[in-house]
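Each chain, letter by letter, is given below.
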Amino acid sequence: SAVISQKPSRDICQRGTSLTIQCQVDSQVTMMFWYRQQPGQSLTLIATANQGSEATYESGFVIDKFPISRPNLTFSTLTVSNMSPEDSSIYLCSVLDVGTEAFFGQGTRLTVV
Amino acid sequence: DQQVKQNSPSLSVQEGRISILNCDYTNSMFDYFLWYKKYPAEGPTFLISISSIKDKNEDGRFTVFLNKSAKHLSLHIVPSQPGDSAVYFCGSTSYGKLTFGQGTILTVHP
């Protein structure tokens, strides 16, 4: 199974600022995803992080707000830009390796004040 | 349009009894179904899965049942233990993407 390190684990940020979340995997993986879990809501897919090309965003999410990098097969970052209190959520990275079982990082709990 | 639904936000069960968590889906393209467990301040961890070509998969105390005609999925935990108390998410995959339900908070009382 893949081991995922995600940081920071939590942060409190001022509105209007940006936060970059890092996701490091202990092995090369084909697919990496970023999810958001707003309070009381389900896990919602933000985007698929593609190695060597632009991320693929789901409906309702745009690159200007959530720029994503994936420079190699073991690392990705998600930036939450120009934050507002509505961005307060848990952000999770996930990897999909052999088969269809997904592994998750421990999450980043973001509070925007 | 929510494609995966868990209609029970919470479930409370006595230790030793059976816990049954339910999940409904609408997308007939889903080919694989999974259950994840999530403790506070941790990421979801994989619990058990089932392919759309099967109707049952068992792993120790955990059994997942799939009723394709009803587009319904359930997770049975027996016997339930206090350590099972967590949020349970059902998820379905199509083309590698996971879609999750809202989650069900399971509380197992000693």
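A few points on the structure. Just so you know, these numbers come straight off a predicted model, no measurement behind them. (Residues numbered from 1 in each chain as written. Chains lettered and ligands numbered in written order. Predicted model: local features only at pLDDT ≥ 70, side-chain atom pairs only at ≥ 80, totals over all residues. Heavy atoms only, no water.)

All names here are of chain B. Taken across its nine residues, strand E9 (residues 86-94) has eight buried, putting it largely inside the fold. Pairing of strand E4 (residues 32-38) with E9, which is carried by seven bridges, proceeds in the antiparallel orientation. Bridged to Trp 35 within E9 is Cys 90. Across three bridges, the pairing between E9 and strand E11 (residues 104-109) is antiparallel. Following the sheet pairing, Ala 86 is matched in E11 by Leu 106. Relative to strand E10 (residues 97-100), E9 runs antiparallel, the two sharing four bridges. Within E10, the position partnered with Ser 94 by the bridge is Lys 97. Counted along the chain from E9 to the antiparallel partner E10, the turn is two residues long, and its residue Tyr 95 has a positive phi close to 55°. (Buried < 20%, exposed > 50% of the residue type's maximum accessible area, 1.4 Å probe, protein only. Helix = DSSP H or I, 4+ residues; strand = E, 2+ residues; numbered from the N terminus. Pairing = 2+ DSSP bridges.)

This brings us to the interface of chain B and chain A. Of the residues lining the interface, 17 residues belong to chain B; the matching set on chain A comes to 19 residues. Together chain B and chain A conceal approximately 1500 Å² of surface at their shared face, both sides included; 61% is due to carbon and sulfur atoms. Considering only the side of chain B, the residues that lose the most area to chain A are Pro 44, Lys 97 and Phe 100 of chain B, jointly responsible for 30% of the buried surface there. Applying the counting criterion to the chain B and chain A interface returns three residue pairs in polar contact (both at pLDDT 80 or more). Ranked by residues supplied to the side of chain B that touches chain A, first place goes to E4 of chain B with four residues. (Contact = heavy atoms within 4.5 Å. Buried area = accessible area lost by both parts, 1.4 Å probe. Polar contact = N/O pair within 3.5 Å; in protein donor to acceptor, adjacent residues only side chain to side chain.)

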